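Chain residues, written in single-letter form:
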Amino acid sequence: MKCPFCGNTNIARIMYGLPAFSDNLVQELKEGKKVLGGCCISGIDPVYHCNECNNKFGSPAHVIDSNGKHLNIIGNISSIEFNIGGYFYGNDCVFFDVNEFDIFVTVNHTGRPLESDSDEAGHLERRVTFEEWDKLTDKLFNKLFIHEWNENYDDLSVCDGEQWEITITLTCGDTLKISGSSAYPALWSEFKRIIRPYFKEAGLKL
Ligand SMILES: [Zn+2]
């Protein structure tokens, strides 16, 4: 496991409630394997504490809807869109469209023509199995904790760099947007590893 804020693996599990102290627990607290989280438990608390950057993470993926209720994100996704590109290259887009009975993935390249003889290069459209979808969302939300990433990653010193954006739309209409310009989250390479197969299928590189 890596911290989504700094990428470090020096991580403690947060214990909530009043713990039963034992020699074992004291040792784990000393070694930074566990930290105490206090007695207030909300049900959406972060599970991990990074010993490097001191950020907490690992809360269950949720949003608070208009009625003030916690809405689980994974079960309520209507689409996930990922765009990446630059001025000289054009734009690549992966779009997962979740309907009641089907999930489809579409990949498209726009902008500068690709160096390929095939008309199909840069394009993919197919059904996503539920098993594939479960694995994908499990990785994004339970391993990379993408719902806890910053909203913006920008390096303003770079001109004509690479722009990217992840948009997660929920069935309640809420959206989660994460974007960047020539700057990236700590778990960027892990994220690319999850999305890369879809680029590959469409004959694109990521
Ligand atoms: Zn960290």
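Reading the values: rules and limits
- Residues numbered from 1 in each chain as written.
- Predicted model: local features only at pLDDT ≥ 70, side-chain atom pairs only at ≥ 80, totals over all residues.
- Pairing = 2+ DSSP bridges.
- Helix = DSSP H or I, 4+ residues; strand = E, 2+ residues; numbered from the N terminus.
- Domains from an automatic or database assignment.
- Contact = placed C-beta atoms within 7 Å.
- Nonpolar A, V, L, I, M, F, W, Y, C, P; charged D, E, K, R; others polar.
- Core = buried A, V, L, I, M, F, W, Y, C linked by C-beta atoms within 7 Å.
- Buried ≥ 20, exposed ≤ 12 C-beta atoms within 10 Å, placed from the backbone.
- Expected span 1.5 Å × (residues − 1).
- Arc of directions from axis to C-beta.
- Axes fitted to C-alpha atoms, helices over the stretch in contact; angles between N-to-C directions.

## Points about the sheet that holds strand β4 (residues 56–57)
Piece 1. Spatially, the four strands line up as an open sheet ordered β2-β1-β3-β4, and their pairing is mixed. Each edge of the open sheet is held by one strand with a lone partner, namely β2 (34–38) and β4.
Piece 2. With four bridges connecting them, strand β1 (residues 11–16) and β2 associate as parallel partners. Residue pairing across strands places Tyr16 opposite Gly38, the latter belonging to β2.

## Description of the domain arrangement of the protein chain
Piece 1. Looking at the protein chain, the domain boundaries give domain 1 (1–59) and domain 2 (74–201).
Piece 2. Just the C-alpha atoms count here: the centres of domain 1 and domain 2 sit 30 Å apart.
Piece 3. The interface is formed by nine residues belonging to domain 1 together with seven residues belonging to domain 2.
Piece 4. Its residues assigned to classes, the side of domain 1 that touches domain 2 comprises five nonpolar, three polar and one charged.

## Let's talk about the nonpolar core
Side chains of a nonpolar character, in soluble globular proteins, are inclined to be buried together.
Piece 1. Counting residues in hydrophobic clusters, the biggest one holds 30 residues, and the most contacted among them are Val107, Phe141, Leu144, Ile146 and Tyr198.
Piece 2. When residues of this core are traced back to their parent elements, those giving at least two are β7 (77–86), β8 (90–98), β9 (103–110), α2 (130–143), β12 (162–170) and α3 (188–201).
Piece 3. For this core, the element with the highest residue contribution is β7, accounting for four residues.
Piece 4. Lining this core are residues from two domains, each supplying at least three of them: domain 1 (1–59) and domain 2 (74–201).

## Some details on α2
Piece 1. Along its 14 residues, α2 runs 18 Å from first to last C-alpha, staying within 8% of the 20 Å computed at 1.5 Å per residue.
Piece 2. Buried within α2 are the following residues: Thr137, Leu140 and Phe141. Projection of α2 onto a plane perpendicular to its axis shows the buried side chains occupying an angular sector of 80 degrees, all on one side. Turned more than 90 degrees off the buried face of α2, the exposed positions are Glu131, Asp134, Lys135 and Asp138.

## Things to note about the pairing of β12
Piece 1. Strand direction decides the pairing type here: β7 and β12, joined by nine bridges, are antiparallel. Within β12, the residue paired with Ile80 across the bridge is Ile168.
Piece 2. Sheet topology places β12 next to strand β13 (residues 175–181); seven bridges connect them, and they run antiparallel. The residue of β13 that forms the bridge with Gln163 is Ser181.
Piece 3. Connecting β12 to the next strand, β13, in antiparallel fashion are four residues, including Gly173 with a positive phi near 100 degrees.

## Focus on the sheet that holds β12
Piece 1. Across the sheet, which stays open at both edges, the seven strands sit in the order β10-β9-β8-β7-β12-β13-β11 with mixed pairing between neighbours. A strand with exactly one partner marks an edge of an open sheet, and here the two such strands are β10 (123–127) and β11 (152–154). Pairwise comparison of adjacent strand axes, ignoring direction, gives a mean angle of 5 degrees for this sheet.

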